[in-house]
Amino acid sequence: MTDTLTIARPDDWHLHLRDGAMLRAVLPETARHFARAIIMPNLVPPVVTGAQAAAYRDRILSALPADANFTPLMTLYLTEETDADDVAAAHESGLISAVKLYPAGATTNSASGVQVFDRVRGVFERMAEIGLPLCVHGEVTEPEIDIFDREAVFIDRVLDPIRRTTPGLRVVMEHITTSDAVEYVQGVESGLGATITTHHLVINRNHILVGGIRPHYYCLPVAKREIHRQALVAAATSGDARFFLGTDSAPHTDDNKESACGCAGCFTAPNTMSILAEVFERENALERLEGFASRHGPTFYGLPANTETLTLTRGAPVSYPSHIDSAEGSVTVFDPGFPLHWRVTT
Ligand SMILES: NC(=O)N[C@@H](CC(=O)O)C(=O)O
Ligand SMILES: [Zn+2]
Ligand SMILES: [Zn+2]
């Protein structure tokens with residue numbers, strides 16, 4: 001059996017770093033293994049303008065450990081007031097790598113998101129012209145739509161119409177959770193990709209609800225039935241370049257998770273690479289982990305893959321911390337529920 005695996009250093013194409021004390025606590029966990037990450041802009045207040053993205057990038061860079069080798073790839077949070085010229089200037093200067101669409105009310109800190117998609121059509125058209133990707137939280141928010149159906153309904157009612165009215169717009173469907181999304185992406189030749197999280201490759205909705213409610217498995221989009229998890233594993237391990245890693249590592253303090261109204265988000269930055277190796281090994285697809293974690297994302301974003309490498313070694317089960325501490329409170333690390341044998345060694 002293979003017991004070492006060396007891959008190009010991975011990138012995380014969907015990451016929440018937060019700000020202040022939480023940023024300082026979680027950033028080293030990502031910078032340890034990942035060379036670059038697409039930084040989600042859903043701060044309070046959100047990162048809406050180029051000037052705000054520049055200031056946030058500076059805060060991230062100053063929170064980096066001295067020996068870190070990590071580049072944050074910034075995004076802007078799309079609102080109905082977003083100025084297409086500001087977006088284009090931020091792209092032109094190399095400051096931003098994408099714009100993020102949150103349907104208003106869909107997820108954590110999405111209140112300033114978009115309500116009427118037609119109002120941002122001008123920004124989409126400009127993005128299509130300049131080749132700037134749109135990252136999408138793909139869930140509808142209508143109260144009558146069942147939460148387990150919100151991704152599939154979003155594809156039909158929102159995503160497909162946006163792509164048809166703005167041909168040439170490059171789109172990443174973030175953190176997909178359904179076979180519907182897998183099939184939709186597979187049906188599009190180019191210009192559409194999808195990120196898949198670590199946790200959605202591991203949990204289905206039973207993990208959240210059976211035997212007691214498990215707030216640390218609650219995230220959005222919520223995990224679906226087992227058949228959907230299997231479709232995600234098949235897509236991630238298939239070698240299809242349209243699918244790539246976006247961990248959606250989303251730290252919340254334990255107080256905010258273990259609550260009568262707990263926040264959505266799984267914190268997977270510390271053990272993601274060990275979990276992924278385990279998942280890919282089970283599928284006899286270890287040789288495809290590099291594509292998923294290190295090559296397909298750069299290809300979609302038009303960037304070179306990293307030249308540095310990361311080595312994983314198989315051995316006795318790895319221990320990793322169950323929590324990390326921040327000045328805001330402790331944050332629980334995602335527990336995959338099975339032992340992890342792959343350790344990042346260099
Ligand atoms: N995924 C989550 O459950 N939470 C994310 C927001 C998001 O990515 O939707 C967060 O910011 O906490
Ligand atoms: Zn999201
Ligand atoms: Zn996210």
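- Named according to an unreviewed UniProt entry, the chain is Dihydroorotase originating from Pontibaca salina.
- The annotation that UniProt attaches to the chain under Sequence similarities (unreviewed entry) is "Belongs to the metallo-dependent hydrolases superfamily. DHOase family. Class II DHOase subfamily."
- Per UniProt, the chain has the following entry under Pathway (unreviewed entry): "Pyrimidine metabolism; UMP biosynthesis via de novo pathway; (S)-dihydroorotate from bicarbonate: step 3/3."

## Topic: the confidence of the model for the chain
Part 1 of the reasoning: Looking at the chain, pLDDT values average 97 and 100% of them are 70 or higher.
Part 2 of the reasoning: Reported confidences for the modelled complex are a pTM of 0.98 and an ipTM of 0.99.

## Examining the sheet that holds strand β10 (residues 309-314)
Part 1 of the reasoning: Across the sheet, three strands lie side by side as β1-β10-β13; this open sheet has antiparallel pairing. With one partner strand each, in any of the chains shown, β1 (4-8) and β13 (342-344) form the two edges of the open sheet. The average angle at which neighbouring strand axes cross in this sheet is 25 degrees, direction not considered.
Part 2 of the reasoning: Strand contacts of helix α11 (residues 289-301): β1 and β10, with the helix running at about 25 degrees to β1, the strand carrying the most contacts.

## Quick word on the sheet that holds strand β6 (residues 134-136)
Part 1 of the reasoning: The strand order across the open sheet built from eight strands is β2-β3-β4-β5-β6-β7-β8-β9, with neighbouring strands paired in parallel fashion. Each end of this open sheet is capped by a strand with a single partner; those strands are β2 (12-15) and β9 (243-245). Between one strand axis and the next, the sheet turns through 30 degrees on average, direction left out of account.
Part 2 of the reasoning: Looking at chain direction, β2 and strand β3 (residues 36-39) are connected through two bridges and run parallel. Along β3, the bridge assignment pairs aspartate 12 with alanine 37.
Part 3 of the reasoning: Against the sheet, helix α3 (residues 84-92) makes contact with β4 (71-77) and β5 (96-101), and its axis sits at roughly 145 degrees relative to β5, the strand it touches most.
Part 4 of the reasoning: Lying over the sheet, helix α6 (residues 179-186) contacts β7 (171-173), β8 (192-196) and β9, oriented at roughly 150 degrees with respect to β8.

## As for a negative patch on the surface
Part 1 of the reasoning: A grouping of Asp146, Asp149, Asp156, Asp180 and Glu183 is seen on the molecular surface, where their side chains present a negatively charged patch.
Part 2 of the reasoning: Examined against the element boundaries, aspartate 156 turns out to sit in helix α5 (residues 150-165).
Part 3 of the reasoning: Using a relative accessible area of 61% as the deciding quantity, one classes aspartate 156 as exposed.

## What about helix α10 (residues 272-282)?
Part 1 of the reasoning: The buried fraction of α10 is high, at 10 of 11 residues.
Part 2 of the reasoning: The complete set of buried residues in α10 reads Thr272, Met273, Ser274, Ile275, Leu276, Ala277, Glu278, Val279, Phe280 and Glu281.
Part 3 of the reasoning: On its buried side, α10 packs onto β1, α8 (226-236), β9, α11, β10 and β13.
Part 4 of the reasoning: Immediately downstream of α10, the backbone of asparagine 284 shows phi near 55 degrees, a positive value.

## Concerning the site of ligand 1
Part 1 of the reasoning: In the vicinity of ligand 1 there are 15 residues, among which Arg18, Thr107, Leu220, Asp248 and His252 approach most closely.
Part 2 of the reasoning: Side-chain polar atom of arginine 18 to an oxygen atom of ligand 1: 2.8 Å apart, as the coordinates give it.
Part 3 of the reasoning: Between an oxygen atom of ligand 1 and a side-chain N or O atom of threonine 108, the distance comes to 3.2 Å.
Part 4 of the reasoning: Notes on ligand 1: free accessible area 320 Å², of which the protein chains cover 100%.
Part 5 of the reasoning: Of the residues belonging to the shell around ligand 1, the class tally is four nonpolar, nine polar and two charged.

## Things to note about the packing of aromatic side chains
Part 1 of the reasoning: One pass over the structure, following the stated rule, counts eight aromatic pairs.
Part 2 of the reasoning: Plain terms: the ring middles of tyrosine 217 and phenylalanine 334 are 5.5 Å apart, the flat faces sit at 65 degrees to each other, and that makes the pair edge-to-face. On the criterion of sequence distance, the pair formed by tyrosine 217 in the loop between α7 (205-209) and α8 and phenylalanine 334 in the loop between β12 (329-332) and β13 is long-range, its members being 117 residues apart. Of the two residues, tyrosine 217 and phenylalanine 334, neither departs from the other in class, the shared state being buried.

## A few points about the coordination of the zinc ion (ligand 2)
Part 1 of the reasoning: The protein atoms that coordinate the zinc ion (ligand 2) are His137 (ND1) and His175 (NE2), at distances of 2.0 to 2.1 Å.
Part 2 of the reasoning: Taken together, the four donor atoms coordinating the zinc ion (ligand 2) and their angles of 54 to 149 degrees define a geometry best described as irregular.
Part 3 of the reasoning: A distance of 3.9 Å spans the gap from the zinc ion (ligand 2) to the zinc ion (ligand 3). You can see histidine 137 sitting in the loop between β6 and α5 and its partner histidine 175 sitting in the loop between β7 and α6, a full 38 residues away along the chain.

## Quick word on the coordination of the zinc ion (ligand 3)
Part 1 of the reasoning: For the zinc ion (ligand 3), every protein donor is listed as His14 (NE2), His16 (NE2) and Asp248 (OD), and the spread of their distances is 2.0 Å.
Part 2 of the reasoning: Each donor residue of the zinc ion (ligand 3) lies on the same chain, and together they follow the pattern H-x1-H-x231-D.
Part 3 of the reasoning: For histidine 14, a relative accessible area of 1% translates into the label buried.

Conventions we followed
- Residues numbered from 1 in each chain as written.
- Chains lettered and ligands numbered in written order.
- Predicted model: local features only at pLDDT ≥ 70, side-chain atom pairs only at ≥ 80, totals over all residues.
- Heavy atoms only, no water.
- UniProt positions renumbered as here; feature names shortened; annotations may be inferred.
- pLDDT = per-residue confidence, 0-100.
- Pairing = 2+ DSSP bridges.
- Helix = DSSP H or I, 4+ residues; strand = E, 2+ residues; numbered from the N terminus.
- Axes fitted to C-alpha atoms, helices over the stretch in contact; angles between N-to-C directions.
- Contact = heavy atoms within 4.5 Å.
- Patch = residues over 30% accessible without salt bridge, like charges linked within 9 Å, V, L, I, M, F, W, Y side chains within 5 Å.
- Areas by Shrake-Rupley, 256 points an atom, 1.4 Å probe, with all protein chains shown as cover.
- Salt bridge = Lys/Arg side-chain N within 4 Å of Asp/Glu carboxyl O.
- Lys, Arg positive; Asp, Glu negative; His and termini not counted.
- Charge placed at Lys NZ, Arg CZ, Asp CG, Glu CD.
- Buried < 20%, exposed > 50% of the residue type's maximum accessible area, 1.4 Å probe, protein only.
- Near = heavy atom within 4 Å.
- Polar contact = N/O pair within 3.5 Å; in protein donor to acceptor, adjacent residues only side chain to side chain.
- Nonpolar A, V, L, I, M, F, W, Y, C, P; charged D, E, K, R; others polar.
- Phe/Tyr/Trp six-rings, centres within 6.5 Å; stacked < 30°, edge-to-face > 60°.
- Donors = N, O, S within 2.8 Å, 3.2 Å for Na, K, Ca; no water.
- Tetrahedral: all angles 85-135°; square planar, octahedral: opposite > 155°, others 65-115°.

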